[in-house]
Amino acid sequence: MYRYDEFDRRLVDERVEQFRRQVKRRLDGELSEDQFKPLRLLNGLYLQLHAYMLRIAIPYGCLSAIQLRKLAHIGRRYDKGYGHFTTRQNLQFHWIKLEETPDILAELAEVEMHGIQTSGNSFRNTTTDQYAGAAADELEDPRSYCEIIRQWSTLHPEFSFLPRKFKIAVTTTPHDRAAVKVHDIGLRMLRNEAGENGFEVMVGGGLGRTPFVGKVIRDFLPKQHLLSYLEAILRVYNQLGRRDNLFKARIKILVQQTGTEKFAKLVEEEWEQIKDGALQLPREEIERIASYFAPPSYEELDAQVPEFEAKIAENPDFQTWVKTNVFPHKQPGYAIANLSLKPVGGTPGDMSSEQMDAVADLADLYSFGEIRVSHRQNLVLPYVKRADLYSLWEQLSPLGLATPNIGLTSDIICCPGLDYCGLATARSIPIAEEISERFDDLDRLHEIGEVEIKISGCINACGHHHVGHIGILGLDKAGEEFYQLTLGGAADEDASLGKVVGPGFSGDEIVDAVETVLDTYVSIRDEGERFIETFRRVGMAPFKEGLYPK
Amino acid sequence: MPQAVIASRLRDGRAVFLDRNGRWVEFIQDSRIAQSEPEGEEIMESARRSEERQEIVDPYLIDVVVDGEAVRPVLNREIIRAAGPTIRTDLGRQAKR
Ligand code: SF4
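Since the structure is predicted, the reported quantities are computational estimates derived from the model, not experimental observations.

### Let's talk about the overall build of chain B
Stage number 1. When you go through chain B residue by residue, the secondary structure sums to two helices and five strands.
Stage number 2. Secondary structure elements in chain B, listed N-terminal to C-terminal, are β-β-β-α-β-β-α.
Stage number 3. The C-alpha radius of gyration computed for chain B amounts to 13 Å, which stays within 12% of the reference 13 Å derived for 97 residues, consistent with globular compactness.
Stage number 4. Taken along the three principal axes of its C-alpha coordinates, chain B extends 35 × 30 × 20 Å.
Stage number 5. Counting only residues that meet the buried cut, chain B has 51% of its 97 residues in that class.
Stage number 6. Contacts in chain B between residues far apart in sequence, at least 24 positions, make up 49% of those at least 6 positions apart.
Stage number 7. When the accessible surface of chain B is totalled, it reaches about 4900 Å², and 46% of it is carbon and sulfur.

This is the structure in structure tokens:
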């Protein structure tokens, strides 16, 4: 994993001490809330319905066992014994006290963590594939590029006052697990005919009030030009992005209003000026950063593991878990294990301090002490020997972390909604919980197959509802919760925005509506067809008929 | 409609209500209920002074229904602030009473 250098350490330590002084001045009454708010946001501290919320950056979703233990400790000591993993691969604590925040940040700094890049009109934590460094299908480890971007963007003097927040995502696999097309900038690694790796560059994707799928502005960017090209995009945005209207300030609006071609031209012109300058990334520099992400010391193993195959044959529950929760690894004899944070009736993404401690121990035992967070709010142990999978599964089960539902109906992305969030218009978690209870029968879950349900508690779309195969948006209608249903969204390489199916549903009706949609799908699908494929083949009509019978 | 003042306590962010003695209390049942618009303005004025003293953040009036001892906000958002998350009834004020 990446370890702090002297610069990172000093920066974070200084930030903690600076924030300690700021909090003291606030508590002493020297700073008003208007003066203090931008300062706390710079450190990931929000004020929500019940308390302060602290958002902690987990750069590109990578956590060490030591860090996870620290998060467990913070949950226990300063919060209410749990935390919530978000769709940006970060962790939020929802019951934080302002007066304790400097101590929390100091504890986080001990394990090289902080809340920088988690809020405000700044670069946010760059996100990537949760299987980075382990996936059998990746061209290169995307974490090196995320780290290069992190170093370039952190405290970048020219971009410290952007029109709005800015999110970058990177993927290096053909199948995009990082939703790069719905980010301000999406980078997808490709290999050209000469056998060189570079990036397809997309801009202007995003969700929220005005959702867009990102547009390709460059088909192939050689790796050494990554930073100069990003800098060129940011310069164009910084100069032309709107600062007068919060709702029109994201780059997606600029790209939309300027036109993709013209925007691309502006970027290329800017880039011409700087591409051969100081921002070039020499191969040695890429290799230096990549060395932080060197593979762990794998054992030389056979791809075939007879004892693992035997366990699969004799234990159907284990077999089911392997089928959904285990993903192929690039290293023979190893596997990637997904830990579901979506138990039946549970809050998606929530994890207790006890579970965090236990997973940290399991990571030490089975995964070289490394854990990943996925944007779908699950955890991953990236380096597990296939021969160890059975023992791992046996230990995950009593912890409630072995639900075999990755990618299935109950693997729901869900934002905190009105149960915690000050911006919410409706609750989202109870809907997710009810859906998972309705579909608690594993046979039915597996029979339905792959489907992505995503729920947001307001138009800000932290729950990615626009790109759910089934999307649910919670709204308020004359004081009552009310849910809009969208179908046909997707966040992968074939990204699309869902369309509203028709009039919305009350809180009592929405789970029935989801069930109707899934029953309709099962009744009309072709053999082996996934939900999204059926939807694309047949369109909205059959689902509408099921939902609104005449 | 009767009203109460809700705010976030500065030091810990907890949702609090203004009581009859001008103090901030944790339970809505203990809050001062304004029965008229002028009375609502009067308790808001007191809340604003407290905000200026940097004791609380973002005070505002909420509509409530009073039923004997019980006081219940009208809007979902304020019901949740007063009680705690609906999916974790072991947390928030609802867990304490
Ligand atoms: S989508 Fe809305 S309700 Fe949900 S976390 Fe984001 S801002 Fe809050």
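Next comes the rest of the write-up.
### Quick word on the domain arrangement of chain A
Residues and elements named next belong to chain A.
Stage number 1. Its domain assignment divides chain A into domain 1 (6-110), domain 2 (142-291), domain 3 (306-399) and domain 4 (413-547).
Stage number 2. Residue-level contacts link 21 residues of domain 1 with 24 residues of domain 3.
Stage number 3. Interface area, domain 1 with domain 3, both sides summed: about 1800 Å², of which 55% is carbon and sulfur.
Stage number 4. Ranking the residues of domain 1 by area buried against domain 3 places Leu68, Arg69 and Phe85 at the top, with a combined share of 32%.
Stage number 5. On the surface where domain 1 and domain 3 come into contact, there are four salt bridges.
Stage number 6. With its nearest N and O atoms 2.9 Å apart, the salt bridge here joins Asp361 to Arg69.
Stage number 7. Connecting domain 1 to domain 3 are 16 residue pairs in polar contact (both at pLDDT 80 or more).
Stage number 8. Going through the elements one at a time, β3 (62-64), α3 (65-78) and β4 (82-85) are the ones with two or more residues in the side of domain 1 that touches domain 3.
Stage number 9. Considering each element in turn, the side of domain 1 that touches domain 3 owes the most residues, seven residues, to α3.

### Describing the sheet that holds strand β1 (residues 45-47) of chain A
Residues and elements named next belong to chain A.
Stage number 1. Ordered in space as β1-β2-β5-β4-β13, the five strands form an open sheet in which the pairing is antiparallel. In this open sheet, the two strands that pair with only one neighbour each are β1 and β13 (350-352). Between one strand axis and the next, the sheet turns by 30 degrees as a mean value, whatever way the strands run.
Stage number 2. For β1 and strand β2 (residues 52-56), the ladder comprises three bridges, and the chain directions are antiparallel. Pairing of Leu45 across the sheet is with Leu54, part of β2.

### With respect to the pattern of salt bridges
Stage number 1. Summed over all chains, the structure comprises 62 salt bridges over all chains.
Stage number 2. A salt bridge links Arg76 of chain A to Asp357 of chain A; its shortest N-O distance comes to 2.5 Å. Taken together, the residues span a long stretch of sequence, with Arg76 of chain A in helix α3 and Asp357 of chain A in helix α12 (residues 353-366) at a distance of 281 residues.
Stage number 3. What makes Arg76 of chain A partly exposed here is its relative accessible area of 41%.
Stage number 4. Here Asp526 of chain A makes a salt bridge to Arg537 of chain A, at a shortest N to O gap of 3.5 Å. In this pair, Asp526 of chain A sits in the loop between α16 (510-524) and α17 (531-538) while Arg537 of chain A sits in helix α17, placing the two residues 11 residues apart along the sequence.
Stage number 5. For Arg537 of chain A, a relative accessible area of 42% gives the class partly exposed.
Stage number 6. Among the charged side chains, a salt-bridge network with shared partners connects Glu99 of chain A together with Arg9, Arg11, Asp12, Glu26 and Arg93 of chain B.

### Looking at the packing of helix α7 (residues 251-258) of chain A against helix α8 (residues 260-274) of chain A
The relative placement of two packed helices is expressed as an angle between their axes plus a distance between the axes.
Residue and element names in this part refer to chain A.
Stage number 1. Between α7 and α8, whose axes approach to 6 Å, the crossing angle comes to 110 degrees. It follows that α7 is roughly perpendicular to α8 by the angle criterion. Across from Ile251, Leu254, Val255 and Thr258 in α7, the residues of α8 making contact are Thr260, Lys262, Phe263 and Leu266.

### A word on the site of the ligand
Stage number 1. The environment of the ligand is formed by Cys415, Pro416, Gly417, Cys421, Leu423, Ala424, Gly457, Cys458, Asn460, Ala461 and Cys462 of chain A.
Stage number 2. Classifying every residue of the shell around the ligand by side-chain character gives eight nonpolar, three polar and no charged.

### Describing the interface of chain A and chain B
Stage number 1. Across the boundary between the two partners, chain A contributes 30 residues, which contact 21 residues of chain B.
Stage number 2. Counting each side, the surface lost to burial between chain A and chain B is near 2200 Å², with a carbon and sulfur contribution of 57%.
Stage number 3. Run the count over chain A and chain B and you get one salt bridge.
Stage number 4. Arg11 of chain B is the salt-bridge partner of Glu99 of chain A, the closest N and O atoms lying 3.7 Å from each other.
Stage number 5. Counting across the interface, chain A meets chain B through 10 residue pairs in polar contact (both at pLDDT 80 or more).
Stage number 6. Considering each element in turn, the side of chain A that touches chain B owes the most residues, three residues, to helix α14 (residues 429-438) of chain A.
Stage number 7. Among the residues making up the side of chain A that touches chain B, the classes are represented as 14 nonpolar, seven polar and nine charged.

### With respect to the sheet that holds strand β9 (residues 197-203) of chain A
Residue and element names in this part refer to chain A.
Stage number 1. Taken in spatial order, the five strands make up an open sheet running β6-β7-β8-β9-β10, and their pairing is mixed. Of all the strands in the sheet, the pair left with one neighbour each is β6 (127-128) and β10 (215-222).
Stage number 2. Bridge analysis of strand β7 (residues 168-171) against strand β8 (residues 185-191) gives four bridges, and the strand direction is parallel. Residue Ile168 lies in a different strand from β8, and its bridge partner there is Ile185.
Stage number 3. Sitting on the sheet, α8 touches β9 and β10, and the angle it makes with β10 is about 30 degrees.

### Considerations on the pairing of β7 of chain A
All names here are of chain A.
Stage number 1. Residues Ile168 and Val170 line one face of β7 and the alternating positions Ala169 and Thr171 line the opposite face, and both faces are buried.
Stage number 2. In the sheet, β6 pairs with β7 via two bridges, with the strands oriented parallel. What sits directly across from Thr127, in β7, is Ala169.
Stage number 3. Chirality of the crossover, the property in question, places the unit of β6, helix α5 (residues 143-153) and β7 among those that are left-handed.

### So, the packing of aromatic side chains
Residues and elements named next belong to chain A.
Stage number 1. The final tally for this structure, using the stated rule, is 21 aromatic pairs over all chains.
Stage number 2. Where Phe505 meets Tyr548, the ring centres are 5.8 Å apart and the plane angle is 15 degrees; that geometry is what we call stacked. Highlighted residues: Phe505 in strand β21 (residues 505-506) and Tyr548 in the segment after α18 (541-547), separated in sequence by 43 residues.
Stage number 3. With relative accessibility at 8%, the residue Phe505 sits in the buried group.
Stage number 4. Residues Phe531 and Phe543 carry aromatic rings whose centres are separated by 5.7 Å and whose planes lie at 55 degrees to one another, so their mutual orientation is tilted. Separated by 12 residues along the polypeptide, Phe531 in helix α17 and Phe543 in helix α18 bring together distant segments of the chain.
Stage number 5. Grouping aromatic residues by their ring pairs yields a cluster made of Phe308, Phe318, Trp321, Tyr390 and Trp393.
Stage number 6. Seen from the ring of Trp95, Lys80 lies directly overhead, with NZ or CZ sitting 5.1 Å from the centre.
Stage number 7. Here the basic side chain of Lys275 rests over the ring of Trp271, its NZ or CZ set 5.1 Å away from the ring centre.

The rules behind these values
- Residues numbered from 1 in each chain as written.
- Chains lettered and ligands numbered in written order.
- Predicted model: local features only at pLDDT ≥ 70, side-chain atom pairs only at ≥ 80, totals over all residues.
- Heavy atoms only, no water.
- Helix = DSSP H or I, 4+ residues; strand = E, 2+ residues; numbered from the N terminus.
- Rg over C-alpha atoms; globule rule 2.2 N^0.38 Å.
- Buried < 20%, exposed > 50% of the residue type's maximum accessible area, 1.4 Å probe, protein only.
- Contact = heavy atoms within 4.5 Å.
- Areas by Shrake-Rupley, 256 points an atom, 1.4 Å probe, with all protein chains shown as cover.
- Domains from an automatic or database assignment.
- Buried area = accessible area lost by both parts, 1.4 Å probe.
- Salt bridge = Lys/Arg side-chain N within 4 Å of Asp/Glu carboxyl O.
- Polar contact = N/O pair within 3.5 Å; in protein donor to acceptor, adjacent residues only side chain to side chain.
- Pairing = 2+ DSSP bridges.
- Axes fitted to C-alpha atoms, helices over the stretch in contact; angles between N-to-C directions.
- Parallel < 35°, antiparallel > 145°, perpendicular 65-115°, else oblique.
- Near = heavy atom within 4 Å.
- Nonpolar A, V, L, I, M, F, W, Y, C, P; charged D, E, K, R; others polar.
- Right-handed = clockwise from strand over helix to strand, strands pointing away.
- Phe/Tyr/Trp six-rings, centres within 6.5 Å; stacked < 30°, edge-to-face > 60°.
- Lys NZ or Arg CZ within 6 Å of the ring centre and 35° of its normal.

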